[in-house]
Structure formats: C-alpha cells, structure tokens
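Spelled out from the first residue to the last, the chains are:
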Amino acid sequence: MQQHRDLLQWASGCVKHSLALNGEQSNPSLLEILGTGNAWAQGKVSVGEVRKAAFAAIAIAKQLDDPAKIALTRASGHAVAVAHMADHALKAADYALKALPEHERVMEQQWQNEQLPDSIASLVLSARK
C-alpha cells in the first residue's frame, strides 16, 4: 500500500511541477483534483471520491482547446486515478511532459526521474524503457 501512495505522490509532484512551468500552479480546479488524491494518500477519502475527481478532470479537459491545458488537466486526472489503478502514474507523468514544449521534455523527464522515491524508482524506470 505504501508503494501505491508513493506512486500517487510522485505522479502528483510531476503534475504540480508541470503546472508551475506552465504558469498554472494556482489553477483551482486542478489543485482541487490533486488535493483529492493527496487526501486519499492520507486515508481521508475513498477511492470512489478519487474516481469522481478523475472523471471531473476528463470533463474539464473536454471543454478546453489549448493542448497544454488539456494535457495538464488529463495529467491531473491520471495522477489521482493512481488510487484506483497504479498504472495511471506513468500516464500522469507522460501528460505532464506533453504539456511542455517539445525541447523541454527530456530535461523534465530527467527531473521526474530524480524525484522518484527508492520504493518505486526501479518499477517506474523499468516501465519507462
């Protein structure tokens, strides 16, 4: 279970970093969605609550036109969906990368990898190959 929480925290961190790089670090909708995932990691909300937040992200993304904002919103939804299925962590990190200009993505992925806790580093790095 700790590994699952670590995946969610890492994915959320990747998304928050990309939000900041895109000037969206104070986007209330996305922060609320990510906060729901954080609450799950602390045992404060159910997986059902997290699924609602992930579906809210999908609904928001469908209303957007800007590819970077769509990617950030999808990244947020995938980050919280880790509570339901751990595989969403990689999708969250990937969407966080897609929100950036192409020339920044390699450096950002390196940053993401450097943020990995030991408990999930080999799991994520092997899946990224």
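Refer to the structure printed above.
First, a word on scope: everything that follows refers to the structure included in this document. (Residues numbered from 1 in each chain as written. Predicted model: local features only at pLDDT ≥ 70, side-chain atom pairs only at ≥ 80, totals over all residues. Heavy atoms only, no water.)

## A word on the overall build of the protein
- Helices and strands together make up the secondary structure of the protein, namely seven helices and zero strands.
- Secondary structure elements of the protein occur, N-terminal to C-terminal, as α-α-α-α-α-α-α.
- Its C-alpha atoms give the protein a radius of gyration of 13 Å, within 12% of the compact-globule value 14 Å for 129 residues.
- Here the protein holds 129 residues, and 40% of them are scored as buried.
- Partitioning the intrachain contacts of the protein with sequence separation of at least 6 by distance along the chain shows that 67% fall at a separation of at least 24.
- Summed over its atoms, the accessible surface of the protein is roughly 7,000 Å², and 52% of this surface lies on carbon and sulfur atoms.
- Put simply, the protein has 13 plus and 13 minus side-chain charges, and the middle of one group is 6 Å from the middle of the other. (Helix = DSSP H or I, 4+ residues; strand = E, 2+ residues; numbered from the N terminus. Rg over C-alpha atoms; globule rule 2.2 N^0.38 Å. Buried < 20%, exposed > 50% of the residue type's maximum accessible area, 1.4 Å probe, protein only. Contact = heavy atoms within 4.5 Å. Areas by Shrake-Rupley, 256 points an atom, 1.4 Å probe, with all protein chains shown as cover. Lys, Arg positive; Asp, Glu negative; His and termini not counted. Charge placed at Lys NZ, Arg CZ, Asp CG, Glu CD.)

## Some words on the environment of Gln109
- Within the element layout of this structure, Gln109 appears in helix H6 (residues 105-114).
- Taking the relative accessible area as the measure of exposure, Gln109 reaches 27% and is therefore partly exposed.
- Between the C-alpha atoms of Gln109 and Ala93, which are 16 residues apart in sequence, the distance is 8.2 Å.

## Structural notes on the packing of helix H4 (residues 67-81) against helix H5 (residues 88-98)
- Look at H4 against H5: their axes get within 8 Å of each other, and the N-to-C directions meet at 165°. Here H4 lies roughly antiparallel to H5, going by the angle between them. Crossing of H4 against H5: the hand is left-handed. In this structure, H4 uses Ala71, Arg74, Ala75, His78, Ala79 and Ala81 to contact H5, whose residues at the interface are His88, Lys91, Ala92, Tyr95, Ala96 and Lys98.
- Looking at the contact of H4 with H5 residue by residue, the class counts come to seven nonpolar, two polar and three charged. (Axes fitted to C-alpha atoms, helices over the stretch in contact; angles between N-to-C directions. Parallel < 35°, antiparallel > 145°, perpendicular 65-115°, else oblique. Left-handed = near helix turned anticlockwise from the far one by under 90°. Nonpolar A, V, L, I, M, F, W, Y, C, P; charged D, E, K, R; others polar.)

## Thoughts on the nonpolar core
- Counting 33 residues, the largest nonpolar core has Trp10, Ala11 and Val15 as its most contacted members.
- Only helix H1 (2-21), helix H2 (28-41), helix H3 (47-62), H4, H5 and helix H7 (118-127) provide two or more residues apiece to this core.
- For this core, the leading source of residues is H1, giving seven residues. (Core = buried A, V, L, I, M, F, W, Y, C linked by side-chain atoms within 4.5 Å.)

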